[in-house]
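Understanding the architecture of this molecule
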Amino acid sequence: MSFENAKENLKEFGKELNLEGLEFDENNTCILGIDNEFSLHITYEPNSDRLYLYSPVLDGLPKDDQTKLKLYEKLLSGSMLGGQMAGGGVGVASDEELILMHTMIEMGLGVDTAALRRFAPLFVETVGKWREMVNKILAGQDPGEFELPLPPGAQPPGPGGMQPPRPSTPQQPSGDKKDGGDHYIKI
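Since the structure is predicted, the reported quantities are computational estimates derived from the model, not experimental observations.

Definitions and limits used
- Residues numbered from 1 in each chain as written.
- Predicted model: local features only at pLDDT ≥ 70, side-chain atom pairs only at ≥ 80, totals over all residues.
- Heavy atoms only, no water.
- Axes fitted to C-alpha atoms, helices over the stretch in contact; angles between N-to-C directions.
- Helix = DSSP H or I, 4+ residues; strand = E, 2+ residues; numbered from the N terminus.
- Parallel < 35°, antiparallel > 145°, perpendicular 65-115°, else oblique.
- Left-handed = near helix turned anticlockwise from the far one by under 90°.
- Contact = heavy atoms within 4.5 Å.
- Nonpolar A, V, L, I, M, F, W, Y, C, P; charged D, E, K, R; others polar.
- Buried < 20%, exposed > 50% of the residue type's maximum accessible area, 1.4 Å probe, protein only.

With that out of the way, let us pick up the packing of helix α2 (residues 65-79) against helix α3 (residues 115-138). The description of two packed helices rests on the angle between their axes and on the distance between the axes. One can describe the packing of α2 onto α3 by two numbers: an axis separation of 9 Å at closest approach and a directional angle of 155 degrees. When the axes of α2 and α3 are compared, the pair comes out roughly antiparallel. Every pair of crossing elements has a handedness; the one defined by α2 and α3 is right-handed. Counted together, Thr 67, Lys 70, Leu 71, Lys 74, Leu 75 and Gly 78 of α2 and Trp 130, Met 133, Val 134, Ile 137 and Leu 138 of α3 form the full contact between these two elements. Residue composition of the contact of α2 with α3, grouped by class: 7 nonpolar, 2 polar and 2 charged.

Quick look at the structure:
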């Protein structure tokens, strides 16, 4: 049942890309080229019932230890709790001199067939941003701070990350601040 859900997710994603007939190969993987820049690998893993997305951030590790240290520090800090990696992280294959960014989507009960279609654009954009940052590090430049890709119309989080939702119509329950300050719920 879940592999069927993964197949339907891939089919819906293909429709979004005008690539009718996307299918998993014999290894339950589908590989797409992204703007002739990098590849997006989509793999269904039946034991975990998950769809894994992964893409190369770098192919060919720097030889200079100082540059490598800066690169690893930036990637590790961005990977903390998946905060700047679309909920996933990065892995290094030293022998292959490859750094992959990865994440996953559950394919079990309750997951609709549009999950991949909705999530993949964020993942691809995030990979693109990390590839730019990595290239700046390799060029000896300051990559700056990571800017989280946002869907159209979304607001960036305020200082400190996530913020509580604000009511669309200000409500002033008894005991709330009336000076326009923070809204809160009494428990």
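With respect to the helices and strands, the residue Ala 6 is situated in helix α1 (residues 2-16). Residue Ala 6 is classed as buried on the basis of its relative accessible area, which comes to 0%. Distance from Ala 6 to Ile 105, taken between C-alpha atoms, is 9.5 Å for residues 99 residues apart in sequence.

It is worth stressing that arrangement in space is one thing and function is another; only the former is reported here.
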